[in-house]
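# Observations on the three-dimensional arrangement
Below are the chains, spelled out letter by letter.
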Amino acid sequence: DAGITQSPRHKVTETGTPVTLRCHQTENHRYMYWYRQDPGHGLRLIHYSYGVKDTDKGEVSDGYSVSRSKTEDFLLTLESATSSQTSVYFCAISRDRREQYFGPGTRLTVT
Amino acid sequence: DQQVKQNSPSLSVQEGRISILNCDYTNSMFDYFLWYKKYPAEGPTFLISISSIKDKNEDGRFTVFLNKSAKHLSLHIVPSQPGDSAVYFCAASTGGSNYKLTFGKGTLLTVNP
């Protein structure tokens, strides 16, 4: 298995609070991605990174920001969490190939 | 606009029989296709892929077929085992340098003993 960890694995937060999810890899892969998985929607790309400090938006980026200051860490921030951001969040990594390898996920509940 | 479609939300098969999962796509720029398997409370796991220059790729019990003219691909699992019970996602890529994937909504496969 690719060395990807996500933290926290579970989080409950209140509407309006900021939340940061962390993805950490030990594979030294260049590309990193954040997805959310919701019933009836499959996996949807939020943001991705193609190098340190190089990031871009995916299809559902509104309300989210990301940062990548080191190769191994990719942070996803919800500046002001809303109930519509209750979801399971997955980080993925890729090394110059089409195949992406996923972390175990973070279940976020916004009350 | 859904570019990758998995029209069957669920599929149930008997152990030992063939499972066929289907996927359709609309974007003719897709040139690489992947299948992922996902168990509950775990991240998706890469299963098998196929480039658009091929029409078949096989890995053990898993075979992916690509029909470019119909914009259709399928995953065959033979023989099916109870441990194959999971959600299967189809994904596609247009290439370029960012390797972004577009996923279907998934099909829940249940293999009955």
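We now turn to the structure provided with this report. Bear in mind that the values here come from a model prediction, so they are computed numbers and not experimental data.

### Here's the deal with the overall build of chain B
- Scanning chain B from N- to C-terminus turns up zero helices and 11 strands.
- Ordered by position from the N terminus, the helices and strands of chain B form the series β-β-β-β-β-β-β-β-β-β-β.
- Relative to a compact globule of 113 residues, whose C-alpha radius of gyration would be 13 Å, chain B shows 13 Å and is just as compact.
- Referenced to the eigenvectors of the C-alpha coordinate spread, the extents of chain B come out at roughly 40 × 30 × 20 Å.
- Taken over 113 residues, chain B has a buried fraction of 45%.
- Once local pairs closer than 6 in sequence are excluded, the contacts in chain B between residues at least 24 apart make up 54%.
- Approximately 5,400 Å² of chain B is accessible, and the part contributed by carbon and sulfur atoms is 48%.

### Notes on the state of the cysteines
Residue and element names in this part refer to chain A.
- Within this structure, the stated rule accounts for two disulfides over all chains.
- Disulfide pairing places Cys23 opposite Cys91 at an S-S distance of 1.9 Å. Looking down the S-S bond of the Cys23 and Cys91 bridge, the torsion is -70 degrees, so its handedness is left-handed. Here Cys23, found in strand 3 (residues 19-25), pairs with Cys91, found in strand 9 (residues 87-94); they are 68 residues apart in sequence, far enough to count as distant.
- By relative accessible area, which is 0% here, Cys23 ends up buried.
- Accessibility expressed as a relative area gives 0% for Cys91, which makes it buried.

### Some details on the interface of chain A and chain B
- On the chain B side, the residues contacting the 22 residues of chain A number 23 residues.
- Interface of chain A and chain B: buried area, both sides summed, is about 1,900 Å²; carbon and sulfur atoms make up 58% of it.
- Considering only the surface of chain A that becomes buried against chain B, Leu43, Arg98 and Glu99 of chain A emerge as the three largest contributors, covering 36% of it.
- Ionic pairing is found between Asp31 of chain B and Arg98 of chain A, a salt bridge with its closest N-O pair at 2.8 Å.
- There are six residue pairs in polar contact (both at pLDDT 80 or more) connecting chain A and chain B.

### Comments concerning the pairing of strand 11 (residues 106-110) of chain A
Residues and elements named next belong to chain A.
- With burial as the criterion, only one face of strand 11 is covered, namely that bearing Thr106, Leu108 and Val110; the residues Arg107 and Thr109 on the opposite face remain uncovered.
- The pairing of strand 2 (residues 10-13) with strand 11 spans four bridges and is classified as parallel. Among the inter-strand pairings, Thr13 is bridged to a residue of strand 11, identified as Val110.
- For strand 9 and strand 11, the ladder comprises three bridges, and the chain directions are antiparallel. If you follow Tyr89 over to strand 11, its bridge partner there is Thr106.

### Details of a nonpolar patch on the surface
All names here are of chain B.
- Taken together, the side chains of Ile18, Ile20 and Val78 define a hydrophobic patch exposed on the protein surface, amounting to about 220 Å² of accessible area.
- Within the element layout of this structure, Ile20 appears in strand 3 (residues 19-25).
- Of the residues examined, Ile20 reaches a relative accessible area of 36% and is grouped as partly exposed.

### What about the sheet that holds strand 8 (residues 73-78) of chain A?
Residue and element names in this part refer to chain A.
- In spatial order, the strands read 1-3-8-7; together these four strands make up an open sheet with antiparallel pairing. Each of the sheet's edge strands pairs with one partner strand only, and the pair in question is strand 1 (4-7) and strand 7 (64-70). With strand direction ignored, the average angle separating the axes of adjacent strands in the sheet is 20 degrees.
- As judged from the six bridges shared by strand 3 and strand 8, these two strands associate in the antiparallel manner. In the sheet register, Val19 faces strand 8, and the bridge partner there is Leu78.

### What about the nonpolar core?
All names here are of chain B.
- Ranked by size, the top nonpolar core spans 23 residues in total, and within it Phe33, Trp35, Leu73, Leu75 and Tyr88 carry the most contacts.
- Among the elements of the structure, strand 3, strand 4 (32-38), strand 5 (45-51), strand 7 (62-67), strand 8 (72-77), strand 9 (86-93) and strand 11 (107-112) are those that each provide at least two residues to this core.
- Among the elements that take part in this core, strand 9 stands out by supplying four residues, more than any other.

Conventions adopted
- Residues numbered from 1 in each chain as written.
- Chains lettered and ligands numbered in written order.
- Predicted model: local features only at pLDDT ≥ 70, side-chain atom pairs only at ≥ 80, totals over all residues.
- Heavy atoms only, no water.
- Helix = DSSP H or I, 4+ residues; strand = E, 2+ residues; numbered from the N terminus.
- Rg over C-alpha atoms; globule rule 2.2 N^0.38 Å.
- Buried < 20%, exposed > 50% of the residue type's maximum accessible area, 1.4 Å probe, protein only.
- Contact = heavy atoms within 4.5 Å.
- Areas by Shrake-Rupley, 256 points an atom, 1.4 Å probe, with all protein chains shown as cover.
- Disulfide = S-S within 2.5 Å.
- Buried area = accessible area lost by both parts, 1.4 Å probe.
- Salt bridge = Lys/Arg side-chain N within 4 Å of Asp/Glu carboxyl O.
- Polar contact = N/O pair within 3.5 Å; in protein donor to acceptor, adjacent residues only side chain to side chain.
- Pairing = 2+ DSSP bridges.
- Patch = residues over 30% accessible without salt bridge, like charges linked within 9 Å, V, L, I, M, F, W, Y side chains within 5 Å.
- Axes fitted to C-alpha atoms, helices over the stretch in contact; angles between N-to-C directions.
- Core = buried A, V, L, I, M, F, W, Y, C linked by side-chain atoms within 4.5 Å.

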